[in-house]
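# Observations on the three-dimensional arrangement
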Number of protein chains: 2
Amino acid sequence: MKKSDLRKYAKLVAKVGANIQKGQQVKINASIEQSDFVLLVVEECYKAGASKVSIDWNVDRLTVINYKYQDLETLTKIEDWEIKKLERETELLPARIFISSANPDGLKGVDQAKMMKVRQEVGKVTKKYRDAIDNKHQWTIVAMPGVEWAKKIFPNESNKKAKELLWKAIYKTVRLEGDPIENWKKHSNNIASKNKILNDLNIKTLMYKSANGTDFKVSLTGKTVFGGGYLDTIQGVRYNPNMPTEESYTSPDKYSAEGVVYSTKPLSVMGNLVDNFGFRFEKGKVVEVLGDEFAKETLEKLISIDEGASYLGEVALVPFNSPVNETGILFYNTLFDENACCHLAIGAGFEDTIKDFEKKSPEELKEVGLNDSMIHVDFMIGSADLEITAETFDGKILKIFEHGTWAI
Amino acid sequence: MKKSDLRKYAKLVAKVGANIQKGQQVKINASIEQSDFVLLVVEECYKAGASKVSIDWNVDRLTVINYKYQDLETLTKIEDWEIKKLERETELLPARIFISSANPDGLKGVDQAKMMKVRQEVGKVTKKYRDAIDNKHQWTIVAMPGVEWAKKIFPNESNKKAKELLWKAIYKTVRLEGDPIENWKKHSNNIASKNKILNDLNIKTLMYKSANGTDFKVSLTGKTVFGGGYLDTIQGVRYNPNMPTEESYTSPDKYSAEGVVYSTKPLSVMGNLVDNFGFRFEKGKVVEVLGDEFAKETLEKLISIDEGASYLGEVALVPFNSPVNETGILFYNTLFDENACCHLAIGAGFEDTIKDFEKKSPEELKEVGLNDSMIHVDFMIGSADLEITAETFDGKILKIFEHGTWAI
């Protein structure tokens, strides 16, 4: 890992990922393992004009200990000053940078039911503050190799070598070669053109078929658009919420999913990896989890966290020959794996996929019929033989995906 | 560093240093470099009955960057939620554990005047909350080797070897050999007996002489006692605020110091090392800083932070042949160096040195005439030839220290 490459990456994160504005505050969430890189990002945020940069340091092993020893009352207690802090952040609207590097198995051993309960209880109080800053601040999720994460991917390599290999993959997928800021301008525009083609088609229903058993369809409301790549805040600041990103995505009609869909990559659910699972949908709702006992238990808990957790919130189209998939790596990390191939997400839909969402009242946004939930969990369904057929609102039928990639 | 030794140490910190009570919350302040040890301390706190353990992670390099880029307004801004948090802590009274491991030069490069101004402004707001928890909660300062700290002491050793050598010295001075909890029981009782002898003497004035030029006296108020070793909170919980500790200390009459006193060890002032300095006192106040330009500049800034910063708050007696001094190491860290030999401190006196302080009103405590300040900075004055003569309130003259160690 050359320092100059890390510096280039840090600058990309500050300028293109979060697009820090002059005088804006910044919050960074990162593992203590990434302190060297975090300090570079902090400096680049200040150089971009940040007035103040704060850091929430993550230590998964501490979370495991806290869950072991703290009772439910303590874990779910939210102090008045914490509410005050959340309130203040709805005024200050700091940009947020999440540096992902965690061991996919890092929370193994935590009582899952307890963790779910805590998220549920804490979510009840904090959701309105999350909603209040939605679409009003820039945020970006990026990744840096952590030793345990790298060893999960490359178990037979030394710590150092494993980190180097993961860094090479990240380097490639976030387009650091040459002038990364220029690379991202081009890449974002490419995704935007793909979104435009999809939106011009005016798609009503997407029908998925694959040899793995996937036979599934989901409808759109006609009131949403496909997005992906950059986003704009209501105030008009353009940012890139995910690096890497390859997807064109939208939010479906909550009650429309029908049929069976199988996951094609493992999913990390609160630190636990679930593999070879599927869902059967009826009228939009998951009516059956398919898979082994562990998968069923874990996912049934996940989808029962609230009413919306068993409905879809996202439909995303990614060619199976994406740069992420071309690394040949299973990253065990949604940021990458969701940009490897087509996916869906259970849980909250994205209000910003609604046409002219920034001009609509909260009531009007509700009427569109997107799903709402405190969770949003992506799972991959793309495969080399995936076929997607679209039916448009004016009755045309056409192939969108063939042999796992764009047919349009 | 054997894991079993670290575990023993962590348990000592939780049980004897902070003496965590069942159901109590704990706050730990530590460098991210110490995460392995911190996690052991966290576990031992929970085992001792802690309900919740929170950690404030320190990163000196981040402080340096923040001071470089943030303006004074941002650095001194205290949000309402931060006040709410301080208020809440005066109710919850969490035990506090400070794990010291920082590079003594870690804050080099920070604009000192700016840092002083920030401490001053922030101190104005936060001091009342610090005062409100004084003597009501347990706290302890302990140390773990950091790489840069260790290399400062052992510059010619490898990182690993330097850390090992520093760990050996810490191991010895915090009495980890054998049963550390039992060791500390004996050690605390020894210090308590020494305090009793000093208190029974009823000392009025201490007169210091050394060949280095020290010719200095300071008086006590007659209303204070010598303490050291363990402390008891008002609620009656016994704890050890410093590990190691070797001192018998008290707070002098604010206006009594006269003459010249020279430091015998370097002092770290906000990340800067100051060496070969002295102070000339008149009527308790520093009227001259002695030393080179850098020492003068640094210390004159320090003593002008508030009115009390140029008066003494502590007088401490430590034999020159203490275990800390016997390691032969200059630690560049007050926690150790102040337990190597006799010292004084400019800044705040200790209310808990006042006889029956827990039964006195705030007004009565004020009347005793101890110094008050937002700072408390120890500096070492012990030497192998230091002589201290005492005059008692009933007119007796006797030698307290001869050849740098106890004469009583």
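Below is a summary of the structure that appears in this document. Note that the structure is a prediction, hence the values are computed from the model and not measured.

About the criteria used
Residues numbered from 1 in each chain as written. Chains lettered and ligands numbered in written order. Predicted model: local features only at pLDDT ≥ 70, side-chain atom pairs only at ≥ 80, totals over all residues. Heavy atoms only, no water. Helix = DSSP H or I, 4+ residues; strand = E, 2+ residues; numbered from the N terminus. Contact = heavy atoms within 4.5 Å. Buried < 20%, exposed > 50% of the residue type's maximum accessible area, 1.4 Å probe, protein only. Pairing = 2+ DSSP bridges. Right-handed = clockwise from strand over helix to strand, strands pointing away. Buried area = accessible area lost by both parts, 1.4 Å probe. Salt bridge = Lys/Arg side-chain N within 4 Å of Asp/Glu carboxyl O. Polar contact = N/O pair within 3.5 Å; in protein donor to acceptor, adjacent residues only side chain to side chain. Nonpolar A, V, L, I, M, F, W, Y, C, P; charged D, E, K, R; others polar. Patch = residues over 30% accessible without salt bridge, like charges linked within 9 Å, V, L, I, M, F, W, Y side chains within 5 Å. Areas by Shrake-Rupley, 256 points an atom, 1.4 Å probe, with all protein chains shown as cover. Lys, Arg positive; Asp, Glu negative; His and termini not counted. Charge placed at Lys NZ, Arg CZ, Asp CG, Glu CD.

### Describing the environment of D5(B)
- By the secondary structure assignment, D5(B) is in helix 1 (residues 3-17).
- Dropping the residues within four chain positions of it, D5(B) is found in contact with W167(B), Y171(B) and L176(B).

### With respect to unusual backbone geometry
- A cis amide bond links M243(A) with the next residue in sequence, P244(A), at an omega value of 5 degrees.
- With a phi angle near 65 degrees, N135(B) is a residue other than glycine that sits in the positive phi range.
- Relative to the assigned elements, N135(B) resides in the loop between helix 6 (112-133) and strand 4 (139-143).
- Take N135(B): its relative accessible area is 9%, and that puts it in the buried class.
- In this structure, H403(B) takes a positive phi of about 50 degrees despite not being glycine.

### Quick notes on the pairing of strand 3 (residues 95-100) of chain A
Residues and elements named next belong to chain A.
- One ladder, built from five bridges, connects strand 1 (residues 25-31) with strand 3; its direction is parallel. Residue pairing in the sheet places N29 in a bridge with F98 of strand 3.
- Taken together, the five bridges between strand 3 and strand 4 (residues 139-143) define a ladder with parallel strand orientation. Within strand 4, the residue paired with I99 across the bridge is V142.
- In this fold, the crossover linking strand 3 to strand 4 by way of helix 6 (residues 112-133) has right-handed handedness.

### Thoughts on the interface of chain A and chain B
- Facing the 30 residues of chain A at the interface are 30 residues of chain B.
- Approximately 2,900 Å² of surface area, both sides summed, lies buried where chain A meets chain B, with 65% of it carried by carbon and sulfur atoms.
- Here R61(A) and D36(B) are joined by a salt bridge, their closest N and O atoms 3.1 Å apart.
- The tally of links from chain A across to chain B stands at eight residue pairs in polar contact (both at pLDDT 80 or more).
- Every element with two or more residues in the side of chain A that touches chain B is listed here: helix 2 (35-47), strand 2 (52-58), helix 3 (60-69) and helix 5 (80-92) of chain A.
- Among the elements that line the side of chain A that touches chain B, the one with the most residues is helix 2 of chain A, at seven residues.
- Its residues assigned to classes, the side of chain A that touches chain B comprises 13 nonpolar, five polar and 12 charged.

### Thoughts on a negative patch on the surface
Residue and element names in this part refer to chain A.
- A surface patch of negative charge is lined by D275, D292, E293 and E300.
- Here E300 shows up in helix 10 (residues 293-303).
- E300 sits in the partly exposed class, given a relative accessible area of 40%.

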